[in-house]
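Here's the letter readout for the chains.
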Amino acid sequence: MLSRHGTRLLFRKEPAISQPTQELTEVSQVVLPFSFATEAAVRPAVSLYDTVNKGTPLAIIEDDPLATVCSSVTGAVSGERQIQHPLYGVLNCAVIDCVPDMPSPEVPVPLPKALTPDLILQTAETADIIDELDGVPLVLKLHRWQETGCDFLAADGIEIEPYASSAWAVLRDHAEQVLEGLRLAALCIGAPRYHIAVCLSGQRRRSIALRIGKDYLYQTDSYYPKAAPVRYSKHGGRGTVKYGSRVCRIGIQACLALYRALYLGEAHNRCTLTVAGDAVPHPQNVSVPFGTTVQQVLEHCGLIEPPDYLILGEQMTGTAALTSDIPILPGMTCILAFTAAAIKPVTPRTCIGCGRCVQVCHAGLLPFEINRRYRNMHYERLGSLSTHLCDGCNACSYICPCGIDLAAVVREAAATDNTISVDLEEDDDA
Ligand code: SF4
Ligand code: SF4
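Residues numbered from 1 in each chain as written. Chains lettered and ligands numbered in written order. Predicted model: local features only at pLDDT ≥ 70, side-chain atom pairs only at ≥ 80, totals over all residues. Heavy atoms only, no water.

A. Quick peek at the site of ligand 2. Every residue near ligand 2 is listed here: Cys351, Ile352, Gly353, Cys354, Gly355, Cys357, Phe368, Cys400, Pro401, Cys402, Ile404 and Leu406. The residue inventory of the shell around ligand 2, partitioned by class, reads ten nonpolar, two polar and no charged. (Near = heavy atom within 4 Å. Nonpolar A, V, L, I, M, F, W, Y, C, P; charged D, E, K, R; others polar.)

B. Focus on the environment of Ala414. If you trace the backbone, Ala414 turns up in helix α10 (residues 406-415). By relative accessible area, Ala414 is classed as partly exposed at 33%. Measuring from C-alpha to C-alpha, the distance between Ala414 and Ile328 comes to 31 Å, with 86 residues separating the pair along the chain. (Helix = DSSP H or I, 4+ residues; strand = E, 2+ residues; numbered from the N terminus. Buried < 20%, exposed > 50% of the residue type's maximum accessible area, 1.4 Å probe, protein only.)

C. Local environment of the site of ligand 1. Near ligand 1 you find Cys361, His362, Leu365, Pro367, Cys390, Asp391, Gly392, Cys393, Asn394, Cys396 and Ala407, and these make up its full shell. Of the residues in the shell around ligand 1, the class split is seven nonpolar, three polar and one charged.

D. Local environment of the pattern of salt bridges. What the rule picks out here adds up to eleven salt bridges. Between Glu14 and Arg204 there is a salt bridge whose closest N-O contact spans 3.3 Å. Of this pair, Glu14 sits in the loop between β2 (6-7) and β3 (22-23) while Arg204 sits in helix α4 (residues 202-212), and the two are 190 residues apart along the sequence. Among the residues examined, Glu14 registers a relative accessible area of 48% and is labelled partly exposed. Measuring nitrogen to oxygen at the nearest pair gives 3.2 Å for the salt bridge that ties Asp325 to Arg81. On the criterion of sequence distance, the pair formed by Asp325 in the loop between β22 (319-321) and β23 (334-338) and Arg81 in strand β8 (residues 75-85) is long-range, its members being 244 residues apart. Given the relative accessible area of 29%, Arg81 is considered partly exposed. Through salt bridges with shared partners, one network takes in Asp131, Asp134 and Lys141. (Salt bridge = Lys/Arg side-chain N within 4 Å of Asp/Glu carboxyl O.)

Keep in mind these numbers describe shape, not what the thing actually does.
Below, the structure is given as structure tokens:
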């Protein structure tokens, strides 16, 4: 079914969504980047055979302290590696052999008398919380929202793509703590209203609503990609916000991490992600320390042979990976592994002008027309088609009955800058 908000995708969340979350405690080795900073000068703070504890900084970055990565495990540094990560590019990493943690009871930290915005900001910074929605440090987002103002803060657990259910898994296990983390984030930025946005079946939704109160749970519609985390209306009455209100989005796992940092003094060093796809014998949600390799997670889910296709992220917006020997880092919430039989190659045919790509484009673009002008090399006529508004949701490619990869064409068209680039220097040399 199509609408101006997109299209409905076939959900393939079972059986992972129904399985209990598995906590990977026996990780043998993690691979962690010294830093995500590409420009700042990075000075490693650990060297070969050093012992590191959970939370030990791996590098000192004077220009950009927020880019410092801390160890997610206790262990010993056994080497250094440079890896080409499909999502993060080239990373210099420390390899840490893990030693099993002694099980320790959760000890609440004494809370100060008042949780002030400054204290919440400072805690988000010291706990290294990274929002899984966009991979941005939470302290930066909170700081920005403090400056710009926020009318409504929505914890985004919508998961509108076919496979992911990690937000649901975290909500199912920690709904009350997620809501409290959200309340604290809203307090920090002065947002007067907040809620958790989901797209869940009736039974699952009711089970969460019973625990946190239905006023704090919002069920969005299930159109991909434009499932909005709030409902807009002209007057902004009960359960809605006025058009033009400033709505900010925060991840479910980031809310939980904020709660755990403030109430238990824990650093953000784990994430929950969905492992699914037809090549995975036991699809499920797993909770792993950052730096665990994709290979270890796939093996935990019963996969022995390398899959034919490995996707980091979801079906519509994920990135293909050539190897599973790469670490899981903040911002990753889904891994998909497929056999060759599940991926049907499509031979693109000529556009039949059905208009479906226009109907699903939530950015209001004309993908078929961009395709036509780009193919005919009318680059100077692309300017009026606003190709820069495309966010790469891939809905147009998904819906096209002729198998045209329109999203890729729109991306290439945007890169032309509406003109043919001629490298005169190269011509001169030739
Ligand atoms: S990929 Fe771009 S052009 Fe295609 S539907 Fe999404 S926003 Fe529109
Ligand atoms: S969906 Fe495909 S066939 Fe239909 S108008 Fe768009 S490009 Fe043409």
